[in-house]
Amino acid sequence: MRAVRWKAVIPLGATLVLVALFWWLFLDLAVERAVEYAGTEIVGARVDLASADVSLGRGAVVLRGLEVTNPDRAMTNLMQADQIVAQVRVLPLLEKKVVIDTMAVRGVRFGTPRRTSGAIARQSPTTGRVGRAVADWANRIRIPPLNLQGLTTVVDVSRINPDSLRTTTQARAIAHQGDSLQGLWRAELARLDPQPQIDSARALIARLRQADVRALGLIGARDLVNSSRASATQLGQAVDRVKAVETRVKTGVAGLRSQVDGLAQARQADYAYARGLVNLPSLDAPDLSPALFGEMAVERLKPMLYWLNLAEQYLPPGLEARRQRGPDRVRASGTTARFPRVRELPAFLLVYAGADAEVGGEGAAAGRYAATITGLTTAPALYGRPTRFAAQRAAAVAGPRTGNMVAILNHVSAPITDSIVAALDGVALPTVGLAAAGATLALGSGAVRVWLARAGDNVEGSMAWSSNNVRWAPSDSAGPSDRRTAEPSIGSAQWVEDLLWRTVSRLTSVEVEVRLAGRVTAPAIGVRSNVGREVAQALRREIGDEVSRQEQRLRAEVDRRVEQQVQDAERRVAEVQMQVEAAVTAKRTELEAVKTELENQIRELTRRLPVRIP
Amino acid sequence: MLVLLKLLQQLVKTLSSEGTPGQIAAGMALGAALGLTPLINLHNLVILAAIMVFNVSFPGAMLGWALAVPVGFALDPLFDVVGRWFLLETPALTPLWTRLYNVPVAPLTNFNNTVVLGSLVSWVVLALPIYFLGRWGVGRYRARLYPRLAQSRVFQAVTASKLYNLYRRFRPD
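The rules we used
- Residues numbered from 1 in each chain as written.
- Chains lettered and ligands numbered in written order.
- Predicted model: local features only at pLDDT ≥ 70, side-chain atom pairs only at ≥ 80, totals over all residues.
- Heavy atoms only, no water.
- Helix = DSSP H or I, 4+ residues; strand = E, 2+ residues; numbered from the N terminus.
- Contact = heavy atoms within 4.5 Å.
- Areas by Shrake-Rupley, 256 points an atom, 1.4 Å probe, with all protein chains shown as cover.
- Core = buried A, V, L, I, M, F, W, Y, C linked by side-chain atoms within 4.5 Å.
- Buried < 20%, exposed > 50% of the residue type's maximum accessible area, 1.4 Å probe, protein only.
- Axes fitted to C-alpha atoms, helices over the stretch in contact; angles between N-to-C directions.
- Parallel < 35°, antiparallel > 145°, perpendicular 65-115°, else oblique.
- Left-handed = near helix turned anticlockwise from the far one by under 90°.
- Nonpolar A, V, L, I, M, F, W, Y, C, P; charged D, E, K, R; others polar.
- Buried area = accessible area lost by both parts, 1.4 Å probe.
- Salt bridge = Lys/Arg side-chain N within 4 Å of Asp/Glu carboxyl O.
- Polar contact = N/O pair within 3.5 Å; in protein donor to acceptor, adjacent residues only side chain to side chain.
- Phe/Tyr/Trp six-rings, centres within 6.5 Å; stacked < 30°, edge-to-face > 60°.
- Lys NZ or Arg CZ within 6 Å of the ring centre and 35° of its normal.
- Patch = residues over 30% accessible without salt bridge, like charges linked within 9 Å, V, L, I, M, F, W, Y side chains within 5 Å.
- Pairing = 2+ DSSP bridges.
- Expected span 1.5 Å × (residues − 1).

1. Observations concerning the overall build of chain B
When you go through chain B residue by residue, the secondary structure sums to eight helices and zero strands. For chain B, the α and β elements follow one another from N to C terminus as α-α-α-α-α-α-α-α. Long-range pairs, those at least 24 residues apart, make up 79% of the contacts in chain B with a sequence separation of at least 6. Carbon and sulfur atoms make up 74% of the accessible area of chain B, which totals about 9,000 Å².

2. Focus on the overall build of chain A
Regarding its fold elements, chain A presents 11 helices and 18 strands. Sequence-distant contacts, at least 24 apart, represent 68% of the contacts inside chain A between residues at least 6 apart. When the accessible surface of chain A is summed, it comes to about 31,600 Å², and 55% of that surface belongs to carbon and sulfur atoms.

3. Brief notes about the nonpolar core
All names here are of chain A. Of all hydrophobic cores here, the largest spans 54 residues; its most connected members are Phe-293, Leu-443, Trp-465, Trp-472, Val-510, Val-531 and Val-535. Here the element with the most residues in this core is helix H7 (residues 285–314); it accounts for 12 residues. Grouped together as the second largest cluster of nonpolar side chains are 45 residues, Ile-160, Ala-232, Ala-238 and Val-249 included.

4. Some points on the packing of helix H5 (residues 195–210) of chain A against helix H11 (residues 530–608) of chain A
Working note: a packed helix pair is described by the angle between its axes plus the distance between those axes. Residues and elements named next belong to chain A. At their nearest, the axes of H5 and H11 sit 9 Å apart, and the two run at 25° to each other. As judged from the angle between their axes, H5 and H11 are roughly parallel. The handedness of the crossing between H5 and H11 is left-handed. Here Gln-195, Ile-198, Ala-201, Arg-202, Leu-204, Ile-205, Leu-208 and Arg-209 of H5 lie close against H11, whose contacting residues are Lys-587, Glu-590, Leu-591, Val-594, Glu-597, Leu-598, Gln-601, Ile-602, Leu-605 and Arg-608.

5. A few points about the packing of helix H4 (residues 166–192) of chain A against helix H6 (residues 213–277) of chain A
Residues and elements named next belong to chain A. It is the contact of H4 with H6, at a shortest axis distance of 9 Å, that shows an interaxial angle of 175°. Taken together, the axes of H4 and H6 lie roughly antiparallel to each other. Among the residues forming the contact of H4 with H6, the class breakdown is 14 nonpolar, seven polar and six charged.

6. What about the interface of chain A and chain B?
At the junction of the two partners, chain A supplies 36 residues and chain B supplies 42 residues. Buried area between chain A and chain B, summed over both chains or domains, comes out near 3,300 Å², and the portion from carbon and sulfur atoms is 56%. Taken as a group, Arg-5, Arg-331 and Phe-339 of chain A account for 28% of the area that chain A buries against chain B, more than any other trio of residues on that side. When the shortest N-O distance is used, the salt bridge between Arg-331 of chain A and Asp-76 of chain B registers 2.8 Å. At the surface where chain A touches chain B, the tally comes to 21 residue pairs in polar contact (both at pLDDT 80 or more).

7. Some thoughts on the pattern of salt bridges
Residue and element names in this part refer to chain A. For the structure on display, the rule yields 38 salt bridges over all chains. With a shortest N-O distance of 3.2 Å, Asp-568 and Arg-571 are connected by a salt bridge. One end of the pair is Asp-568 and the other is Arg-571, both in helix H11 and three residues apart, which spans about a single turn.

8. With respect to the packing of aromatic side chains
Per the counting criterion, the structure on display carries six aromatic pairs over all chains. Note on Tyr-306 of chain A and Trp-307 of chain A: the rings are 5.3 Å apart at their centroids and 80° apart in plane angle, and the pair reads as edge-to-face. Positioned above the aromatic ring of Phe-73 of chain B, the side-chain terminus of Arg-331 of chain A is 5.4 Å from the ring centre. The residue whose ring lies beneath Arg-385 of chain A is Tyr-383 of chain A, and the NZ or CZ to ring-centre distance is 4.6 Å.

9. Quick look at a nonpolar patch on the surface
Residue and element names in this part refer to chain A. On the surface, Leu-18, Leu-21, Phe-22, Trp-23, Trp-24, Leu-25, Phe-26, Leu-29, Leu-56, Val-90, Leu-93 and Val-98 cluster together to form a nonpolar patch covering roughly 1,200 Å² of accessible area. Mapped onto the fold, Phe-26 is located in the loop between helix H1 (9–25) and helix H2 (27–43). A relative accessible area of 39% places Phe-26 in the partly exposed class.

10. Observations concerning the sheet that holds strand E13 (residues 439–442) of chain A
All names here are of chain A. Spatially, the three strands line up as an open sheet ordered E12-E13-E16, and their pairing is antiparallel. Of all strands in the sheet, those bounded by a partner on one side alone are strand E12 (431–434) and strand E16 (471–474). Pairwise comparison of adjacent strand axes, ignoring direction, gives a mean angle of 20° for this sheet. As paired strands, E12 and E13 are joined by four bridges and run antiparallel to one another. Bridged to Thr-431 within E13 is Ala-442.

11. A few points about the pairing of strand E17 (residues 510–519) of chain A
Residue and element names in this part refer to chain A. Across 10 bridges, strand E15 (residues 458–467) lies against E17 in antiparallel orientation. Counterpart to Ser-462 in the pairing with E17 is Arg-515. In this sheet, strand E18 (residues 524–529) lies alongside E17 in antiparallel orientation, the contact comprising six bridges. Across the sheet, residue Glu-513 finds its bridge partner in E18, namely Arg-528.

12. With respect to H5 of chain A
It helps to recall that an α-helix has 3.6 residues per turn; residues three or four apart then point in one direction. With 16 residues, H5 of chain A extends 23 Å from end C-alpha to end C-alpha; this agrees with the ideal 22 Å at 1.5 Å per step. The elements touched by buried residues of H5 of chain A are H6 and H11 of chain A.

13. Re the environment of Asp-193 of chain A
Residues and elements named next belong to chain A. Structurally, the position occupied by Asp-193 is in the loop between H4 and H5. For Asp-193, a relative accessible area of 43% translates into the label partly exposed. The spacing of Asp-193 and Val-242 is 49 residues in sequence and 9.4 Å in space, taken between C-alpha atoms.

14. Looking at unusual backbone geometry
All names here are of chain A. Cis geometry is adopted by the peptide bond preceding Pro-415, which originates at Ala-414 and carries an omega value of 0°. Position of Pro-415 relative to the elements: it lies in the loop between strand E10 (403–410) and strand E11 (417–428). Although it is not a glycine, Asp-193 sits at a positive phi angle of roughly 35°.

15. Overview of the side chain of His-43 of chain B
Residues and elements named next belong to chain B. Looking at where His-43 falls in the secondary structure, it is placed in helix H3 (residues 42–53). Given a relative accessible area of 11%, His-43 falls into the buried group. A distance of 3.0 Å separates a polar atom in the side chain of His-43 from a polar atom in the side chain of Thr-37. Aside from chain neighbours lying at most four places away, what touches His-43 is Thr-37, Pro-38, Thr-109, Val-116 and Leu-120.

Shape is all these values report; function is a separate question.
Laid out in structure tokens, this is it:
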């Protein structure tokens, strides 16, 4: 029996040819599906491609009709490109690596509507995790409501729950801690118990005073001196132990004192808490701006944080093995690991890409734009250079010609550093609804300034919008003043709307600046705007005195509710200081005095001896 | 139901074929790779070539494949654990994977996927036991069960089918 079935070689060859033919016939489709799959996994929303044309011999890939859905708006494309021509290196494909030397993107458009929804049922674990983290962050941001209703009505102070006040909680904690420490230190002092040593030393001092050198003899005197010296040494050790306790007590008491001092800060927080509880507004501009533009700020920052965090996931620094979920298939996906190695090619590298975009029409944003991307790779450590995005307005139809954006993502080594600087003029700005004023603010076309710097886990930056041709419009067809039937009473909803409408509708220019700082996963934000300042000034003019009176009442009520606990805490700390600290100090002083006296008596006895005792 | 009937038909035909028990068992051992590991992978093309070129039972391989498919599905979590251990949790092997990952063609085998690697390693370990078990089983079947089965009408109907005729063309020499 032969081991090899030679007659099967031809069918085998035919099978292999069929496989190759199948692969060649469906290569375009495979590339199309691969681009859609990978794009969807990365972006977190559908990526569609009309067709792909692959010519492996020339290493040319032409993609047509690319549509990338905006993850935040399923019916809008983030970006659409008519044609993408890429020059791909062929040999690295054998290593399952995609290296694109050049890429030209034509017919780029942004924010185009989609015919079908681009939402996906299940995001990839990476994208899903980043999306959820950003959504959680946005949900945690507390935007203070601009609720001015009921200003002149009596503030319902009964809603302030003493247990919810930070001062009360902290004061109780201090008192409890004082009790615990007092017990602890007393027990410690009791364990040391230096009194028997003190009594014994005093008896020895009396013996030394009455000692007759002649009656004792030289040997007896020497023994007495030696035993007295040993007692003095033991007393010294006892003094050290008591001193250690004394140091701990003093440090602990100082800590308690510092916590008592911190109660003033807690009380300020309680004032703010109580103010929020009874809808008493702060009249400081920084407090009003978040109320007016907070939601807009969060909405604008969300995509920025999303892409920043996503870039960290897909462009990680270092050369450690990378893990990702395996491909979707009937069988389990498992985990796929990548093992980058120095001087080898990364799994994906786009050396250079250039894009031309044209925004049509006569609007301020109309014109030609040019963008370049260099060094986009999944393993920046292998490529050794940062990824750079740059875009600028090449020619404008109307409005100022300036407009550029540069983003540098340096993920070559940890800690990663990203920087984004963008300055765009003549950009269509959003329309913002200001429910409290019963108005909408159309920012029109204006300028956007963005800068953002990330170093490791920390991010700092700002986004600023400014416009000199804003338009205010009532939220419904009848404006606040039109709806008025009679002179509204101060503090009523109608009065508030009227006041805000009168204030903001005079403004023709608006500036809004959003600042962010903190951890890149959950930075803190601050909002400033001239609208907030104007509203605050108007409120101060109209109702400043009344708000101040109400605030005084509120503060007095908070003071009344926390005073007892604060006094208890202070008294408890004072007791600890007076009783324990004083007791320890007294004991240490007594020990030191007895020790000194004993040493004096030893010196006196040795002076009376005819010979020197070593 | 139809799939089950076909499976039964194939089972009967294979076991009673003229190939030696060793050839059928070797075919089953090779065919098991197609069922135990995820099918669309480069190594399975090599396995298929081996089944065709080497003088093993082709129906035996198909039977091994058919029997191993549900086992493969059921054991995927185990393969994932095995693959994870080899690929990610054994630092001594990392240089080997790094080298393989950067060698042409090797990454196309998807060896760097835990399920693929785990199932492939498991198959390598199980191939010999499958072979010996298969050989013993076919021998026992032919000696004890086949003579009685050959008399049954069902068996005669099965062997008269077109599928059986097709199989005869590829039966082992």
